[in-house]
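The lines below spell out each chain.
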Amino acid sequence: MERKSIKSVLVLVAMEAEALPLVNILDLKEDVPPRIAPPAPAVSYTGEKFGITINVVRNGKCQLHGVDNVGTVPAAVTAYLAVHELKPDLVISVGTAGGFKARGAAIGDVFLATAFANHDRRIPIPGFDKYGVWRIDAVPAPNLREALSLKEGVVSSGNSLDYSKEDWDQLHANEAAVKEMEAAGISWVAHLHNVPFLALKSITDIVDGDRPPQEEFLENLHSAAQALQRVISPVLEFVAGKTIKEL
Ligand code: ADE
């Protein structure tokens, strides 16, 4: 696997507002008929760029509530179906996130993940405790990080925008630089399929700051999505045709 050159990249995104700037800059077209069959609500976009196939897949909308499907469950379901259908050489989770200023994060930064873990899966039974936290390394990409001057750190996932005292303690135990709601679920799917997995997360709010995350998130969503739009083409150009070991 590691000697094969990258010819197909799957970019997984939770929210439409995060996905559309990427679809536009990469000049992708929505797949009609859908590549990911209903009743899965995922929406996929495809194009050829930098000599490789690029798919952006978003989770789609919740039929009951009309908002984007977010969190680890939709992320893992979409990832499973998309990996199965598209057989990518590399999966990248792209989206917005909270950042820890104690680990160097500032609003608008784009982080490259070094590892993935959960901070809200508490199962205090031997074996299940470690399973709950999960924790797995991202595929190492030191050359990509340097070429794009990206910050790096552990990405910790949970199913809440805020955090409980228990989440806070586990975020610290995970040495999280970035807090979001999808990557750990996708990392499980990538591991099942033995597909290399990276994540790029743009910071909308400061977790260890003093403002409510929802306020900062809504204020900075647009500029963070633009930061992802700026970085996605150079990232895909860098990985195109390289082997995983060259990243
Ligand atoms: N997405 C953006 N900011 C977040 C935060 N603070 N926690 C979880 N997901 C986020």
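Note that the structure is predicted; figures quoted are calculated from it, not measured.

(A) Inspection of the nonpolar core at higher detail. Core analysis: the biggest nonpolar cluster contains 37 residues, and Val 9, Val 56, Ile 92, Val 94, Leu 198 and Leu 200 have the highest contact counts within it. Those elements giving two or more residues to this core turn out to be strand S1 (8-13), helix H1 (16-26), strand S3 (43-49), strand S4 (52-58), strand S5 (90-99), strand S6 (110-118), strand S10 (197-206) and helix H7 (213-239). Ranked by residue count, the leading element in this core is H7, at 8 residues. Look past the residues within four positions of Val 9 in its chain and what remains in contact with it is Ile 52, Thr 53, Ile 54, Asn 55, Pro 88, Leu 90, Ile 92, Leu 236 and Val 239. Ile 36, Ala 82, Ala 113 and Val 178 belong to the second largest nonpolar core, which has 31 residues in total.

(B) Structural detail: the UniProt feature "domain: Nucleoside phosphorylase" (unreviewed entry) in the protein chain. On the UniProt side, "domain: Nucleoside phosphorylase" (unreviewed entry) is annotated at positions that read residues 9-236 here. Overall, residues 9-236 shows 36% helix and 28% strand. The separation of its end C-alpha atoms is 8 Å.

(C) Fine view of H1. Buried within H1 we find Glu 18, Ala 19, Pro 21, Leu 22, Val 23 and Leu 26. Residues of H1 that are buried in the fold lie against S1, S3, S4, S5 and H7. At the exit of H1 stands Asp 27, carrying a positive phi of roughly 55 degrees.

(D) Expanded view of the pattern of salt bridges. Scanning all chains against the criterion turns up 13 salt bridges. Across the pair Lys 61 and Glu 16 runs a salt bridge whose closest N-O atoms are separated by 3.0 Å. With Lys 61 in the loop between S4 and helix H2 (72-86) and Glu 16 in helix H1, the pair connects residues that are 45 residues apart, well separated along the chain. For Lys 61, a relative accessible area of 33% translates into the label partly exposed. A salt bridge links Glu 152 to Arg 145; its shortest N-O distance comes to 3.7 Å. For Glu 152, a relative accessible area of 44% puts it in the partly exposed group.

About the criteria used
Residues numbered from 1 in each chain as written. Predicted model: local features only at pLDDT ≥ 70, side-chain atom pairs only at ≥ 80, totals over all residues. Heavy atoms only, no water. Core = buried A, V, L, I, M, F, W, Y, C linked by side-chain atoms within 4.5 Å. Buried < 20%, exposed > 50% of the residue type's maximum accessible area, 1.4 Å probe, protein only. Helix = DSSP H or I, 4+ residues; strand = E, 2+ residues; numbered from the N terminus. Contact = heavy atoms within 4.5 Å. UniProt positions renumbered as here; feature names shortened; annotations may be inferred. Salt bridge = Lys/Arg side-chain N within 4 Å of Asp/Glu carboxyl O.

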